[in-house]
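Analysis of the macromolecular model
The residues making up each chain are set out below.
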Amino acid sequence: MGRLEAYPTLLQTNHLGQANPVAKKTHVSTTVNNEPAEFLCEPRESLLEVLRDTLKLTGAKEGCNNGNCGACTVLLNDVPVNSCLVLGVEAEGASIETVEGMACEGHLHPLQQCFLEGAALQCGICTPGFLVTAKALLDKNPTPSEHDIRFNLANNLCRCTGYDKIVKAVQEAAKELAAK
Amino acid sequence: MKDFTYAAPATLQEATRLLTAANGSARILAGGTDIIVQLREGLRDAGQVIDVKKIPELMELSFSPQHGLRLGAAVPCYCIYENAEIAKAYPALVDSARIIGGWQIQSRASIGGNLCNSSPAADSIPSLIAHHAFAEVVGPAGKRKVAVESFCTAPGRNVLQQGELLVALVFPPTMPHSGSAYERFIPRNEMDIAVVGVGTRVQLNQACDKIEFARIGLAAVAPTPKFAQEASEWLAGKPLAEETYAQAGELAKKVATPISDMRGPAEYRTHLVGVLVKRTLEKAVERAKGK
Ligand SMILES: Cc1cc2nc3c(=O)[nH]c(=O)nc-3n(C[C@H](O)[C@H](O)[C@H](O)COP(=O)(O)OP(=O)(O)OC[C@H]3O[C@@H](n4cnc5c(N)ncnc54)[C@H](O)[C@@H]3O)c2cc1C
C-alpha cells in the first residue's frame, strides 16, 4: 500500500468555487501499518470511523460500538485498543496497526493461516479483532498457556463458533512462529 | 455523537484555564472508556472534550519504597501491572487494574477515570480505600487533597468543583509484613460489573501472627463506595484466624445498604460482603506473610 492520503473534504468547494471552510475538522498526522497517513476528522469521529470511512481500511469492524465486543481492535502504539473508544484526533503522532498490516508481501501471517486452516471463524466479523489481539499477545508472550490465550482474548466476542477453535488456532500459530 | 471541540492541553495550568472558561460544558477525556460511551449514548453532553493525556503530571507513574506511589490520574491500567515493583507493593490495586474490562479496555482505562466516573460498582475504588490513597485535585483555587473514601458523593457524582481536575492518586509507602487483595463477585469469569467488590489491606506484627492494622473498602453495596471503618478498626490486634476474618465480614455488612437490581437482591449482596471480606482478608494475609 502506498502513502495513505485522505483529503476528500479539503477538495470540496462551495457554489462560488471556493474551498469550503473546514474549521471543524482537525488535521491528524499518524502512522498506519508503518506508512505515514494523514487525515481530516471531526473531534467526535472515532478512530474506527476514520479507519473505515476516511482511510478505507475496512478490516476493523463495528460490532457493538461500546467497547464490549472487540471487533474493532487495532494496535495503538503497540497495545490493543477498541478503536470505537478512541477519537480520531487522539491518533495524532501515534502508530496504528490494523489487520490489513498483518500479511507480509503477499503471505498471510501465521495467525491468519491457522485461523483459516483451523476453521476458527464462521461469519468472520469478529476475526480481525481476534487476529489483532492474538498478534499483540504472541508479540508479548510467544508461548502463552491456554489460560493466557483465553484471558487476553476475553475482550473479543464471537457469536458463531465458540472459542475452542480460536484458542487452538492461536496455539498452532504460536508453534509455527516458534519453529521459524 | 453530538459535535464538540477538542483540546489537548500540555500543562495543568492550561487545562484548568480551559475548564474554567468552558463554564461547566467541558468533559475531561482520559482513556475514554466511560466518557466516549456516555457521549455516544447521549447520557452526557459536552461542548468541549479536554484530553488530559498530554499533561505530564497526569501521566506520572513513580514509585519508591520510601515515598510510596504517585499514580497520575490518566495512566492506563496496563502500565500499573506491567511494573513489577508496583505490582509487588500494591497488590490490591493491581488486582483491580487487571479486572477492569479486558485487555483492550486496560490499554486505555485509567484508575483516575474509574474514580472520577464515580460508579458505585467501580472496581478500583475499594482498593484505593484499602491502600489509604488520597486524591490530589487541582483547580483555579490551587491544590487540595481528598481522601478517596470521601471522593464520590452519589452515583456518577463527586467532590470535583467546576474548573477542577484530578491530578494523581497518591499512595503511602508500603510497610513490612503487609499485603492486600481485591475481589469482586460476578457470575462470569471476565467482563462484567461487580455484584459486590471488596478490597482489603492488612499489616501484620513482627511475628506475623496478629493483624496490626487493616483497611477494608466496599463497592456496589451503597450509592458510593464505602470505607468499612468499624470492621477495619476492630481487626487491630486480632489473631490470624478464620473467625477473625468472618467476624470482620459481619461488621463490614453494617455499612452495606445495597439496592436490589438485575445483578442481585439486596440480601444476597449483603451476604456477599461477608464472603468477600473473609476471602480477601485471607488472601491479603497470605501475601503479607509471603513478603
Ligand atoms: C467494555 C467495558 C468494560 C468495562 N469493565 C469495567 C470493569 O470491569 N470494572 C470497572 O470498574 N469499570 C469498567 N468499565 C468502565 C471503565 O472502563 C472504567 O471506569 C475506567 O477506569 C474509566 O477510565 P477512563 O480513563 O477510560 O475514563 P474516561 O472515560 O476518560 O473518564 C471517566 C469519567 O471521569 C472523568 N475524568 C477522567 N479523568 C479525569 C480527571 N483527571 N479529572 C477529572 N475528571 C476526570 C471524565 O470526564 C469522565 O466523566 C468498563 C467499560 C467498558 C467499555
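Fair warning: this is a prediction, and the values are worked out from it, not measured in the lab. (Residues numbered from 1 in each chain as written. Chains lettered and ligands numbered in written order. Predicted model: local features only at pLDDT ≥ 70, side-chain atom pairs only at ≥ 80, totals over all residues. Heavy atoms only, no water.)

Okay, the overall build of chain A next. Looking only at helices and strands, chain A features five helices and six strands. Each helix and strand of chain A, ordered N terminal to C terminal, gives the series β-β-β-α-β-β-β-α-α-α-α. A separation of at least 24 residues holds for 54% of the contacts in chain A among residues at least 6 apart in sequence. With the model as given, the accessible surface of chain A reaches about 8600 Å², and the carbon-plus-sulfur share is 51%. (Helix = DSSP H or I, 4+ residues; strand = E, 2+ residues; numbered from the N terminus. Contact = heavy atoms within 4.5 Å. Areas by Shrake-Rupley, 256 points an atom, 1.4 Å probe, with all protein chains shown as cover.)

A few words on the overall build of chain B. Assigned secondary structure in chain B consists of 11 helices and 14 strands. Taking 291 residues into account, the globule formula puts the C-alpha radius of gyration at 19 Å, and chain B, at 19 Å, falls close to it. By principal-axis analysis of the C-alpha atoms, chain B measures approximately 55 × 45 × 35 Å. Residues counted as buried form 55% of the 291 residues belonging to chain B. In chain B, 62% of the contacts between residues at least 6 apart in sequence involve partners at least 24 apart. Accessible area for chain B stands at about 11800 Å²; split by element, carbon and sulfur atoms hold 52% of it. Distance from the positive charge centre (32 side chains) to the negative charge centre (29 side chains) of chain B: 2 Å. (Rg over C-alpha atoms; globule rule 2.2 N^0.38 Å. Buried < 20%, exposed > 50% of the residue type's maximum accessible area, 1.4 Å probe, protein only. Lys, Arg positive; Asp, Glu negative; His and termini not counted. Charge placed at Lys NZ, Arg CZ, Asp CG, Glu CD.)

Residue and element names in this part refer to chain A. Phi at Lys-56 is positive, roughly 60°, even though this residue is not glycine. Take Lys-56: it is sitting in the loop between helix H1 (47–54) and strand E4 (73–76). Here the phi dihedral of Asp-78 falls at roughly 75°; this positive angle occurs in a residue that is not glycine. For Asp-78, the position within the fold is in the loop between E4 and strand E5 (79–82).

Counting residues at the interface gives 31 residues for chain A, matched by 29 residues for chain B. Carbon and sulfur atoms supply 59% of the area that chain A and chain B bury against each other, a total of about 2500 Å² over both sides. The interface formed by chain A and chain B holds five salt bridges in total. When the shortest N-O distance is used, the salt bridge between A:Lys24 and B:Asp3 registers 2.3 Å. On inspection of chain A and its partner chain B, the count reaches 12 residue pairs in polar contact (both at pLDDT 80 or more). (Buried area = accessible area lost by both parts, 1.4 Å probe. Salt bridge = Lys/Arg side-chain N within 4 Å of Asp/Glu carboxyl O. Polar contact = N/O pair within 3.5 Å; in protein donor to acceptor, adjacent residues only side chain to side chain.)

What follows concerns the pattern of salt bridges. Any two side chains of opposite charge can pair, on the condition that their charged atoms come close. Scanning the entire structure with this criterion turns up 27 salt bridges over all chains. Of the charged contacts in the structure, one is a salt bridge between B:Glu60 and B:Arg70, with a shortest N-O distance of 3.4 Å. Here B:Arg70 lies in strand E5 (residues 68–72) and B:Glu60 lies in the loop between strand E3 (48–51) and strand E4 (61–64), a separation of 10 residues in the sequence. For B:Glu60, a relative accessible area of 27% puts it in the partly exposed group. Across the pair B:Asp261 and B:Arg269 runs a salt bridge, and its minimum N-O distance is 3.2 Å. Residue B:Asp261 is classed as partly exposed on the basis of its relative accessible area of 35%. One network of salt bridges, with partners in common, ties together A:Lys24, A:Glu42, A:Arg44 and B:Asp3.

Within the secondary structure, A:Asn82 is located in strand E5. Residue class for A:Asn82 comes out buried when judged on its relative accessible area of 3%. For the pair A:Asn82 and A:Lys168, spaced 86 residues apart in the sequence, the C-alpha separation amounts to 24 Å. The residues touching A:Asn82, leaving out its near neighbours within four places in the chain, are A:Gly67, A:Gly70, A:Cys72, A:Thr73, A:Asn155, B:Gln104 and B:Ile105. A polar side-chain atom of A:Asn82 sits 3.2 Å from the main-chain carbonyl oxygen of A:Gly67.

The next thing to look at is the packing of helix H3 (residues 127–140) of chain A against helix H5 (residues 164–179) of chain A. Residue and element names in this part refer to chain A. For the pair H3 and H5, the least separation of the axes is 11 Å and the interaxial angle reads 45°. Considering their axes alone, H3 and H5 lie oblique with respect to each other. The handedness of the crossing between H3 and H5 comes out as right-handed. Seen from H3, the contacting residues are Phe-130, Ala-134 and Leu-138; seen from H5, they are Ile-166, Val-170, Ala-173, Ala-174 and Leu-177. Counted by class, the contact of H3 with H5 contains eight nonpolar, no polar and no charged residues. (Axes fitted to C-alpha atoms, helices over the stretch in contact; angles between N-to-C directions. Parallel < 35°, antiparallel > 145°, perpendicular 65-115°, else oblique. Left-handed = near helix turned anticlockwise from the far one by under 90°. Nonpolar A, V, L, I, M, F, W, Y, C, P; charged D, E, K, R; others polar.)

Now for the sheet that holds strand E13 (residues 211–219) of chain B. Residue and element names in this part refer to chain B. On the basis of which strands lie adjacent, the open sheet formed by four strands has the order E11-E12-E13-E14 and antiparallel pairing. With one partner strand each, in any of the chains shown, strand E11 (178–185) and strand E14 (226–227) form the two edges of the open sheet. Here E13 runs beside E14; their pairing, made up of two bridges, is antiparallel. Within E14, the residue paired with Leu-218 across the bridge is Lys-226. Each of E11 and strand E12 (196–204) touches helix H5 (residues 91–99); the most contacted strand, E11, lies at about 30° to it. Along the sheet, helix H11 (residues 266–290) contacts E11, E12 and E13; its crossing angle with E11, the most-contacted strand, is approximately 150°. (Pairing = 2+ DSSP bridges.)

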